[in-house]
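Here's the letter readout for the chains.
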Amino acid sequence: MKFHIQTWGCQMNDHDGEKLSGLLSTEGFEAVDSAEDAELVLLNTCSIREKAVHKVYSELGRLREEKQRRPLMVGVTGCLAQQEQAALFKRAPHIDFVLGTMALRQLPRLVAEAQAGKSQVMDTGEYLDNHLFPPSVTRRRDTAKALVTITEGCNHACTYCIVPTTRGSERHRPYEDVLAEVRGLVERGYREVELLGQNVNSYAGGCTFADLLERVSEVEGLEWIRFTTSHPMNFTKELARVLVSTPKVAPFLHLPLQSGSDRVLRRMLREYTVGEYLERLGYLGEGRAKLALSTDFIVGFPGETDEDFEATMKVLDEVAFDSSFSFIYSPRPGTASLRLKDDLPMDVKSERLKRLQQRQNELTRASNERFLGREIPVRVETHGPNEHGWWLARSGEWKTVHLAAGPGRELPFGELVQARVTLASPHFLGAELV
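Residues numbered from 1 in each chain as written. Predicted model: local features only at pLDDT ≥ 70, side-chain atom pairs only at ≥ 80, totals over all residues. Heavy atoms only, no water.

Trainee: An account of the sheet that holds strand β12 (residues 252-254) is needed here, citing residue identities and associated values.
Mentor: One open sheet accounts for three strands, arranged β12-β13-β14; its pairing is parallel. Of all the strands in the sheet, just β12 and β14 (323-328) have a single pairing partner and so form its edges. Between one strand axis and the next, the sheet turns through 15 degrees on average, direction left out of account. Relative to β14, strand β13 (residues 292-299) runs parallel, the two sharing six bridges. For Ile298, the partnering residue across the bridge sits in β14 and is Phe327. (Pairing = 2+ DSSP bridges. Helix = DSSP H or I, 4+ residues; strand = E, 2+ residues; numbered from the N terminus. Axes fitted to C-alpha atoms, helices over the stretch in contact; angles between N-to-C directions.)

As structure tokens, then:
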């Protein structure tokens, strides 16, 4: 049977897709590049925002028509599957099976039951060893960076967030397992890893997260270590020290703020004030200047006033984030924020988001302009140039780099090369091979 997996969402979902692909390949199934060529289509879903859910249901509608023309099995996994469970069958009866986020290893069984004629097969049970998925089964995509799960779930209770429902409470992999997986990846040729968790810096798998970063950095042959996503409440002085002093830890930090208003942060149950967030950034000391800093913002949270939003704009300018991800508040089923009155008109939310993103573009351009004329190491992330003759690369600061190598020049995929920055835009750096 030929299968195709479509994935939406975060790096955790991307890595889940690699695990699911490995499970099917181990059973003798064949991966194909498009749903049109597949006999099994697995939708690996996200539910953190309403827009992501709409995309899934749109694709389910298309697959319903496809099933009317030919034999086709359709499965749904990921956060939407864990959230909606049996309700998915009511909205889309043509779904053959639903697989929860903590039951990934049950995929072969569910497929077999559906093949045998059983209808509406489902397993959304909480298998608490799901984070111990065997790395040898994972079928990795052709990428320059390898993803490594170190913890799953979250023990925080942000009022807008569905993660504790869809991913459960925190479970941590033993650090020995993490180190063994990283060593194996380096042996396979990977030179960069990204450590993953819904709250990665709360890691407690036999050592602290700061300790884990230092241990991983000792793996011979590894060049860069990244991690996502961090919570400010778990950002310690020791972690800041390791981040700025360990050469193999890439000079990039994503630390979500969400709002610049203490009043909104309390309603979000973020557990810190703006002052405490800034204090944690202060842990970086002079090393802050060497890092690219990224964050998240939610605009239009229930009850957000003009003063609250202006406070967010003030912090944006004060910190001068190198980049940020910003979204209009999206009410999610099962979250505590649904009890709050969402009384802001959409045009007000949209205007606020537009202002924030315009200012962020200015800050990002200024950040990128600081690279002009510099020679920096970048990792080659494509096997060849695009139609414009650029190779796609990435700097340690997570800057997208459009790299000119010259006619007929071949660059080593996944390797570091030296580049001289010649162009700075709000979205990428232009550079030439040194």
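Trainee: So, unusual backbone geometry: which residues are in play, and what are the values?
Mentor: Apart from glycine, the bulk of residues carry a negative phi angle, and the bulk of peptide bonds sit in the trans form. Between Thr228 and Thr229 the backbone carries a cis peptide bond, its omega angle lying at -5 degrees. Tracing the backbone through its elements, the reader meets Thr229 in the loop between β11 (224-228) and α9 (237-245). You will see that Gln120, though not glycine, has its phi angle at about 45 degrees, which is positive. Relative to the assigned elements, Gln120 resides in the loop between α5 (107-115) and β6 (121-123).

Trainee: Got a sec to walk through the packing of helix α12 (residues 306-319) against helix α13 (residues 346-369)? Specific residues and values, please.
Mentor: Direction vectors running N to C along α12 and α13 enclose 10 degrees, while the axes themselves pass 11 Å from each other. For the element pair α12 / α13, the angle class is roughly parallel. Counting all contacts with α12, which are made through Asp306, Phe309, Glu310, Thr312, Met313, Leu316 and Asp317, the residues of α13 involved are Arg352, Arg355, Leu356, Arg359, Gln360 and Leu363. The residue inventory of the contact of α12 with α13, partitioned by class, reads five nonpolar, two polar and six charged. (Parallel < 35°, antiparallel > 145°, perpendicular 65-115°, else oblique. Contact = heavy atoms within 4.5 Å. Nonpolar A, V, L, I, M, F, W, Y, C, P; charged D, E, K, R; others polar.)

Trainee: Please provide a residue-by-residue account of the state of the cysteines, values included.
Mentor: For the structure shown, the criterion picks out zero disulfides. Unpaired in terms of disulfides, Cys158 finds its nearest cysteine sulfur in Cys161, a separation of 6.0 Å. (Disulfide = S-S within 2.5 Å.)

Trainee: Hey, could you go over α5 for me, with residue numbers and the actual values?
Mentor: Given 3.6 residues per turn, any residue in an α-helix points the same way as the ones three and four places further on. All of the buried residues in α5 are Leu107, Leu110, Val111 and Ala114. Looking straight down α5, one finds that the buried residues subtend no more than 100 degrees of arc, so they occupy a single side. Contact partners of the buried residues in α5: α1 (11-26), β3 (40-45), β4 (73-78), β5 (97-99) and β6. Looking one or two places after α5, you find Gly117, whose phi comes out positive at around 105 degrees. (Buried < 20%, exposed > 50% of the residue type's maximum accessible area, 1.4 Å probe, protein only. Arc of directions from axis to C-beta.)

Trainee: Requested: an account of the pattern of salt bridges, with residues and values cited.
Mentor: For the structure shown, the criterion picks out 33 salt bridges. Between Asp129 and Arg105 there is a salt bridge whose closest N-O contact spans 3.6 Å. Of this pair, Asp129 sits in the loop between β6 and β7 (146-149) while Arg105 sits in the loop between β5 and α5, and the two are 24 residues apart along the sequence. Given the relative accessible area of 38%, Asp129 is considered partly exposed. Through salt bridges with shared partners, one network takes in Glu18, Arg140, Arg141, Arg173 and Glu181. (Salt bridge = Lys/Arg side-chain N within 4 Å of Asp/Glu carboxyl O.)

Functional significance is not addressed by these values, which are geometric in nature.
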